[in-house]
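Examining the three-dimensional arrangement
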Amino acid sequence: MFSLNRSAFLNNPASISGSFPDKHRRILPTRVVVAGSSNRDKSNGSLLMATDESTATLKEMRDGYAEVVDPKSGVSGGVQDVYGEDTATEDQPVTPWSVSVASGYSLLRDPHHNKGLAFSEKERNSHYLRGLLPPTVISQELQVKKMLHNIRQYQVPLQKYMAMMDLQERNQKLFYKLLIDNVEELLPIVYTPTVGEACQKYGSIYSRPQGVFISLKDKGKVLEVLRNWPEKNIQVIVVTDGERILGLGDLGCHGMGIPVGKLSLYTALGGIRPSACLPVTIDVGTNNEKLLDDEFYIGLRQKRAIGQEYAELLHEFMTAVKQNYGERILIQFEDFANHNAFDLLEKYGTTHLVFNDDIQGTASVVLAGLISAMKFLGGSLADQRFLFLGAGEAGTGIAELIALEISKQTNMPLEETRKKIWLVDSKGLIVSSRLESLQHFKKPWAHEHEPVKELVDAVNAIKPTILIGTSGQGRTFTKEVVEAMASLNEKPIIFSLSNPTSQSECTAEEAYTWSQGRAIFASGSPFDPFEYGDNVFVPGQANNAYIFPGLGLGLIMSGAIRVHDDMLLAAGESTSF
Ligand SMILES: NC(=O)C1=CN([C@@H]2O[C@H](COP(=O)(O)OP(=O)(O)OC[C@H]3O[C@@H](n4cnc5c(N)ncnc54)[C@H](OP(=O)(O)O)[C@@H]3O)[C@@H](O)[C@H]2O)C=CC1
Ligand SMILES: CC(=O)C(=O)O
Ligand SMILES: [Mg+2]
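By the naming in an unreviewed UniProt entry, the protein is NADP-dependent malic enzyme 4, taken from Citrus sinensis.

In structure tokens:
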């Protein structure tokens, strides 16, 4: 007789296979099916696989299923076969569920453990794989070579993306090996710019759910929803509500591509276990009419919830996350619109281990880029004048961290260092006469100056040494703007940070050509090296992807429970070269 231990299972389902003695492991079924709504623990929403009182014999398990009778109600489920095919009655819905011991057919379909043809002879013997694979055994290196070859056959980046996602769903070991070994080539596929197109077409390319979707329909049940996720030892969550996906606007539920992509970098670049990463999309509707009319849209078909309704769902989520995963769970806010992003960060920054990647991660990576650029330019950050196009999350986040760094380097008060930094939004230069009507995060940047509407006029008026684009608007660094920067500076620093490539304020080619090869240029999405005159210019990439996996790893390893500005400064300083 073998008894499955309920508490061990609830804490860590994987422990079940670990608790079998080896001699029993050989005769274990690949699936144990337990069914019946009566097996659901009403108090915490978890399924009770088999209670301490309920036992299944090894014979039952070897035969492929064990039906458990709830000892309290005496009600059993309606499962008739090992695959849990539905024989539910109306008043007794079946909850089909299986626990896979990683062996045999199900092992080949378990992306966490599957190795495909790389299973050795010994593994094929001990994991019941004989006959389920062709006879050849190949190395992981050869698998990587083959996948890379296949991916390179696709001309269309979105096809490469789909091939990568398919691999992630099939064989995680190979997916991460491929990504880690070829990160320069594959980062633009699993991340910006291709992930932007994938989000735009997410409904059409959708084949299997990724991550956890929490919608308005789940109000009051968010904890239950989180508990449906199979992994229990989560260390990092990337969460979006899809309202500002890159520079592409409101993509609603289709924003899920972003947390999925970001978390694949947590593993590939930060070394966090894939099973410890949880992508979450909170669906409160979308204001994108095109999506609402799109028959393939996968989200709620309603306008975005705002105000109290929005705040309550977010609060339930934040509370449930801490309750389920503890104080040290890291939450990364991603691609929220600025009218929520700053408030959420302020509200939860003091109660959770949380940072906003667009505000803080971006700031840190741009600080790294600017500190590095000082080595080419000479002088220090305090000697520079900064002008931003775009005064939202990225723009004001970067501005504030630069001001903090200059203050740290010079001991000047923050109010003084902020005066070196100017921002332009959709209405023009942010100046004190606009103070009353400005959103709160713009107010610190409202300096004394007469109003200026156009960017090129702001460049000529402020005479910046550094121009940074965070507007989400492509081709706004026009020839006139770049030429104005080049006429004011021997080596103008120009960062076009908006993503994806279509939204970049200018291309690498434009920056180098219009400045006659004098610009120090970086962009949010990658550009190829560009030949100009006798030189080849290699543009930098200033993207928070170069910070958040390391920052996150540091936060997790150090056991931090809050994120502070000093950490962002340290991350930026140490990422510079
Ligand atoms: N490289 C990287 O790592 C990162 C890049 N980004 C990119 O930065 C961009 C902006 O993101 P985020 O700051 O979060 O977005 P926000 O919506 O918070 O901010 C956008 C800002 O741009 C301004 N703006 C919009 N259109 C114009 C225009 N035509 N002229 C001048 N200003 C304009 C807006 O003005 P107003 O306030 O008046 O509406 C607003 O201030 C996105 O494309 C995003 O992909 C973001 C994070 C990281
Ligand atoms: C890179 C990133 O986070 C963004 O463009 O939003
Ligand atoms: Mg982002």
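A few points about the site of ligand 2
The local shell around ligand 2 consists of Tyr191, Arg244, Leu246, Lys262, Glu334, Asp335, Asp357, Asp358, Asn499, Asn543 and Asn544. Contacts to ligand 2 include Lys262, whose side-chain N or O atom sits 2.9 Å from an oxygen atom. Asn499 is positioned with one of its side-chain polar atoms (N or O) 2.8 Å from an oxygen atom of ligand 2. Contact with the protein chains removes 91% of the 220 Å² of surface that ligand 2 exposes when unbound. A breakdown of the residues in the shell around ligand 2 according to their chemical character gives two nonpolar, three polar and six charged.

Considerations on helix 22 (residues 479-488)
Those residues of helix 22 that sit buried are Val481, Val482, Ala484, Met485 and Ala486. Each element contacted by the buried residues of helix 22 is listed here: helix 21 (455-462), strand 11 (466-469), strand 12 (493-496) and helix 23 (508-514).

Looking at the environment of Gly261
By secondary structure assignment, the location of Gly261 is in helix 14 (residues 257-268). On a C-alpha basis, the gap between Gly261 and Val190 in space is 5.8 Å, while along the polypeptide they are 71 residues apart.

Re the site of ligand 1
Taken together, 27 residues form the shell around ligand 1, and within it Arg244, Asn338, Ala391, Ser426 and Lys442 come nearest. Contacts to ligand 1 include Arg244, whose side-chain N or O atom sits 2.8 Å from an oxygen atom. Ala394 has a polar backbone atom sitting 2.9 Å from an oxygen atom of ligand 1. Out of a free accessible area of 920 Å², ligand 1 has 83% covered by protein chains. Counting residues per element, the ones that place at least two in the shell around ligand 1 are helix 18 (357-377) and helix 19 (393-410). The residue makeup of the shell around ligand 1, split by class, is six nonpolar, 16 polar and five charged.

Digging into the confidence of the model for the protein
Looking at the protein, the pLDDT average stands at 87 and 82% of residues meet or exceed 70. This stretch, residues 1-86, has a pLDDT under 50; its non-local contacts, to residues over four places away or in other chains, come to 161 contacts. In the predicted assembly, ipTM is 0.99 and pTM is 0.86.

Examining the coordination of the magnesium ion (ligand 3)
Protein-derived coordination of the magnesium ion (ligand 3) comes from Glu334 (OE), Asp335 (OD) and Asp358 (OD), at a distance range of 2.0 to 2.1 Å. In primary sequence terms, the donor set of the magnesium ion (ligand 3) follows E-D-x22-D. Of the two residues examined, Glu334 and Asp335, each falls in the buried class.

Here's the deal with unusual backbone geometry
Of the consecutive residues Thr192 and Pro193, the connecting peptide bond is found in the cis state with omega at 10°. The residue Pro193 is located in the loop between helix 10 (183-190) and helix 11 (194-200) in this model. The omega torsion of the bond from Asn499 to Pro500 falls at -15°, within 30 degrees of zero and hence cis. Assignment of secondary structure puts Pro500 in the loop between strand 12 and helix 23.

Points about the sheet that holds strand 7 (residues 353-356)
Paired through their backbone hydrogen bonds, the strands of a sheet run either parallel or antiparallel. Ordered by their spatial adjacency, five strands build an open sheet running 3-5-4-6-7, and the pairing between neighbours is parallel. Where the open sheet ends on each side, the last strands, each with one partner, are strand 3 (212-215) and strand 7. Mean inter-strand twist for the sheet, computed between neighbouring axes without regard to direction, equals 25°. Along the sheet, helix 14 makes contact with strand 4 (236-240), strand 5 (277-283), strand 6 (330-333) and strand 7, crossing strand 5 at roughly 165°. Set on the sheet, helix 18 makes contact with strand 6 and strand 7; between it and strand 7 the angle comes to about 75°.

Things to note about the packing of aromatic side chains
One pair of aromatic rings is described through two measures. These are the centre distance and the angle between the planes. Counting across every chain of the model gives ten aromatic pairs. Taking the centre distance of 5.3 Å and the plane angle of 80° together, the rings of Phe333 and Phe336 count as edge-to-face. As far as burial versus exposure is concerned, Phe333 and Phe336 are alike and both buried. The lysine or arginine in question, Arg109, covers the ring of Tyr105, its NZ or CZ lying 3.7 Å from the ring centre. Directly above the aromatic system of Trp445 lies the positively charged group of Arg418, at a separation of 5.8 Å from the ring centroid.

Concerning the sheet that holds strand 12
Taken in spatial order, the seven strands line up as 10-9-8-11-12-13-16 in an open sheet, and their pairing is mixed. Because the sheet does not close on itself, it has two edges, and the strands there are strand 10 (428-429) and strand 16 (540-541). Pairing between strand 9 (residues 421-425) and strand 10: two bridges, direction antiparallel. Each residue of the ladder has a partner; that of Asp425, found in strand 10, is Gly428.

Some remarks on the environment of Ala363
Along the chain, Ala363 turns up in helix 18. Ala363 sits in the buried class, given a relative accessible area of 2%. C-alpha of Ala363 to C-alpha of Ala399: the two residues are 36 residues apart in sequence and 7.5 Å apart in space. Apart from the residues lying within four places of it in its own chain, the contact partners of Ala363 are Gly397, Ile398 and Leu401.

Parameters and conventions
- Residues numbered from 1 in each chain as written.
- Chains lettered and ligands numbered in written order.
- Predicted model: local features only at pLDDT ≥ 70, side-chain atom pairs only at ≥ 80, totals over all residues.
- Heavy atoms only, no water.
- Near = heavy atom within 4 Å.
- Polar contact = N/O pair within 3.5 Å; in protein donor to acceptor, adjacent residues only side chain to side chain.
- Areas by Shrake-Rupley, 256 points an atom, 1.4 Å probe, with all protein chains shown as cover.
- Nonpolar A, V, L, I, M, F, W, Y, C, P; charged D, E, K, R; others polar.
- Buried < 20%, exposed > 50% of the residue type's maximum accessible area, 1.4 Å probe, protein only.
- Helix = DSSP H or I, 4+ residues; strand = E, 2+ residues; numbered from the N terminus.
- Contact = heavy atoms within 4.5 Å.
- pLDDT = per-residue confidence, 0-100.
- Donors = N, O, S within 2.8 Å, 3.2 Å for Na, K, Ca; no water.
- Pairing = 2+ DSSP bridges.
- Axes fitted to C-alpha atoms, helices over the stretch in contact; angles between N-to-C directions.
- Phe/Tyr/Trp six-rings, centres within 6.5 Å; stacked < 30°, edge-to-face > 60°.
- Lys NZ or Arg CZ within 6 Å of the ring centre and 35° of its normal.

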